[in-house]
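Given next are the chains, with one letter for each unit.
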Amino acid sequence: MSSAGSDLGLHRVPTAVEGLDRVLLGGLLRGGVYIVEGAPGAGKTVLANQICFNHVARHGCAVFVTLLAESHARMLQHLQPMEFYNESAIPDGLYYISGFTTLESEGLKGVIDLLRREIKAHHASLLVLDGFATTEESAGSKREFKKFVHEIQTHAAVSDCTVLVLTNGSAGEISPEYTMVDGVIEINDTQFAPRTARTLRVRKFRGSGFLPGDHALRISAKGIEIFPRIEAAFATPSVRDVFHLQRQSTGVEGVDALLHGGLMARTTNGLYGPTGAGKTTFGLQFVSRSSAAEPGVFFGFFESPDRLCARASTLGIDLAGMQARGEVEIIWCPQGEHILDELGHKMIDAVRRRGARRLFIDGYGGLVESAVHPERITRFVSVLGNEIRALGATTVVSIESRNIIGASMELPSQGLSSLLEGLIVMRYTEVDGEVRRLLSITKIRDSSFDPFLHEFKIAERGIEVTGRFSGVEAVLSGSARVPKAVPAGEGPQESGKRE
Amino acid sequence: MRTILVVDDEFGLVDVLVAFLEAEGYRVVTGANGRRGLERLTEQKPDLVISDFMMPLMDGAQMATQMRADPEHRDIPIIMMSAAPESAVRKRFEGYQAFLRKPFPMPALLDQVREILGEQPAASRPK
């Protein structure tokens, strides 16, 4: 039931900052007052300005009030190179004023009057107050300051104007005004050895849920970009995961035979092996089975699209042509200091955008290197895998083994094997001075498979499985040997005994 | 001694402008918004107004428009300054003598002041 002129619904004010509205489940709430806090240089002013410019672009009006902050001219100079900056928005859509002289001469009451007047004069539906700490310092008491915050809230609500209050602060500090405002958004800038990681966290958001925890943040020519933490953003897959008891070809005939038809569709599988064993070649053959009806994505860290296409061409795969026709998308993220969640979103976006049915990730090590918190990698892979599976794609991720040759087989992250629905292992073994390649299926959930070791070669047209590897023992040691023949009538030899 | 009225809500910039102009021998009075600027006009009768464009309560264009409508103040020259582009200012008011886009170097402002007040440029003044 509603009375005339009132609407009990909470209306969203999208920030239009990439990723932030996802964290806020749609945006800020109209008429709410939100603290944005962070150390100097964290990105508060850029974020607030970006929200203002975006607001004006969506036909809103905004007022930006500074207290003891950088001059408007300097601030705008710094913002000019950013993509969101639009000079034509100033001053009709976005109006900058200073409130410090008013604060000095008329106190907090004067600032309230100023805010009320300017909201009305400019028909502002968004107001930014930069330099909140200055008002706190001017308050005669904590009570007076709380009254000030309360008055801002009242004016915001009655004028339907959303207010962002920028303040310096750091994680862990809880100021009394936090209990009064409708939300608190924190921007942090943390050092991890030589790397710096910027994050955004919503500490409070009245009237709505939000994605919890830290979300990666980048400041670039685009302005602020937020990459919602994959584990939070896709805690429940975005679409229903429908299980299909179907097979999907690996692109390698011999491996399909070992799998009794192929990988199970819509599963996440690992391809584990040492450097040079043929993992990337396998990946190229896997995506070569993509088509317009069933597109594929090759996501790699190590080889550029041109190099991959050239390599594929030597295998008789027209990857460049498939790319041009939209059957395959190649995403190359040269190994460096990536944001792990950005990588995850790139993969998910590509799979969703293309309706991809195949995804090859080359390789797991690139994801691990990107993580400033390596301990979250298995949760990340698990949630990422769930989402990609629900979107209908079958994933193969290459995992490099530390040992090039030998008995040890240790996956790089604890718990990884349980996340994988399939695991194909490539190995080297040495026989009579010759290094030979072996392949075996270690695991395929919900399916039978050939459990034996098979030899394979990388031939003209890619991986060829040549047959079961027999007639030797101690293969998994990395140094196989031909067992000594047992003469007829004699018992088994003592182990280790040589003639 | 010539009197200059500086009208700007950014106190830091006002302090700097006052210091530079007083060092050049001008008497400087200030206002933090357009309404206060109009009050100071009547009180102080300046020879020149240097005004910001975006200000609370009454902006520079509103103040300048009222100045031009007042016989007592209509001939006082105005230097308009703003972080906004000149095109935005001109949409609201065109009757200024000079425009400076913030941030600007102080010598540029001083040159404009001298030119408008008909004074010799600093370089050509007898030492």
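Up top you'll find the structure we're talking about.
Predicted, not measured: the structure shown is a model, and the values here were computed from it. Positions within a chain are numbered from 1, following the residues in the order the chain's sequence is written. Each chain gets a letter, beginning with A, and each ligand a number, beginning with 1, in the order they are written. Two thresholds apply to this predicted model, a pLDDT of at least 70 for residue-level local features and 80 or more for giving and counting side-chain atom pairs, whereas whole-chain, interface and lining totals are computed over all residues. Each side-chain value is worked out from all heavy atoms of the structure, with water and hydrogens disregarded.

A. Representation of the sheet that holds strand β4 (residues 78–82) of chain B within the structure. All names here are of chain B. The strand order across the open sheet built from five strands is β2-β1-β3-β4-β5, with neighbouring strands paired in parallel fashion. Bordering the open sheet on either side are β2 (27–31) and β5 (98–101), each of which pairs with just one other strand. Between one strand axis and the next, the sheet turns by 20 degrees as a mean value, whatever way the strands run. By the bridge criterion, five bridges tie strand β1 (residues 3–7) to β2 in an arrangement that is parallel. Bridging from a neighbouring strand, T3 pairs with R27 of β2. Contacts from helix α5 (residues 106–117) reach β1, β3 (48–52), β4 and β5, with the element oriented near 145 degrees to β3. Note on pairing: two strands pair once DSSP finds at least 2 bridges between them. Secondary structure elements follow DSSP: runs of H or I of four or more residues count as helices, runs of E of two or more count as strands, with numbering from the N terminus. Structural elements are reduced to axes, namely lines fitted to C-alpha atoms, with helices fitted over the stretch in contact, and the angle between N-to-C directions of any two is expressed from 0 to 180 degrees. Whether two residues are in contact is decided by their heavy atoms, any of which lying within 4.5 Å being enough.

B. Representation of the pairing of strand β21 (residues 454–459) of chain A within the structure. Residue and element names in this part refer to chain A. Here strand β20 (residues 434–444) pairs with β21 via three bridges, running antiparallel. Within β21, the residue paired with L439 across the bridge is H454. Judged from the six bridges that link them, β21 and strand β22 (residues 462–468) form a sheet pairing that is antiparallel. Bridged to I458 within β22 is I463.

C. Representation of the packing of helix α4 (residues 100–121) of chain A against helix α6 (residues 142–158) of chain A in the model. Residue and element names in this part refer to chain A. Between α4 and α6, whose axes approach to 10 Å, the crossing angle comes to 10 degrees. With respect to each other, α4 and α6 are oriented roughly parallel. For the pair α4 and α6, contact is made by L108, V111, I112, L115 and R116 and by E144, F148, E151, I152 and H155, respectively. Residue polarity is assigned by list, with Asp, Glu, Lys and Arg as charged and Ala, Val, Leu, Ile, Met, Phe, Trp, Tyr, Cys and Pro as nonpolar; anything else, Gly included, falls into the polar class. In terms of residue class, the contact of α4 with α6 is made up of six nonpolar, one polar and three charged. Throughout this description, any angle smaller than 35 degrees is read as roughly parallel, any larger than 145 degrees as roughly antiparallel, any in the 65 to 115 degree range as roughly perpendicular, and the remainder as oblique.

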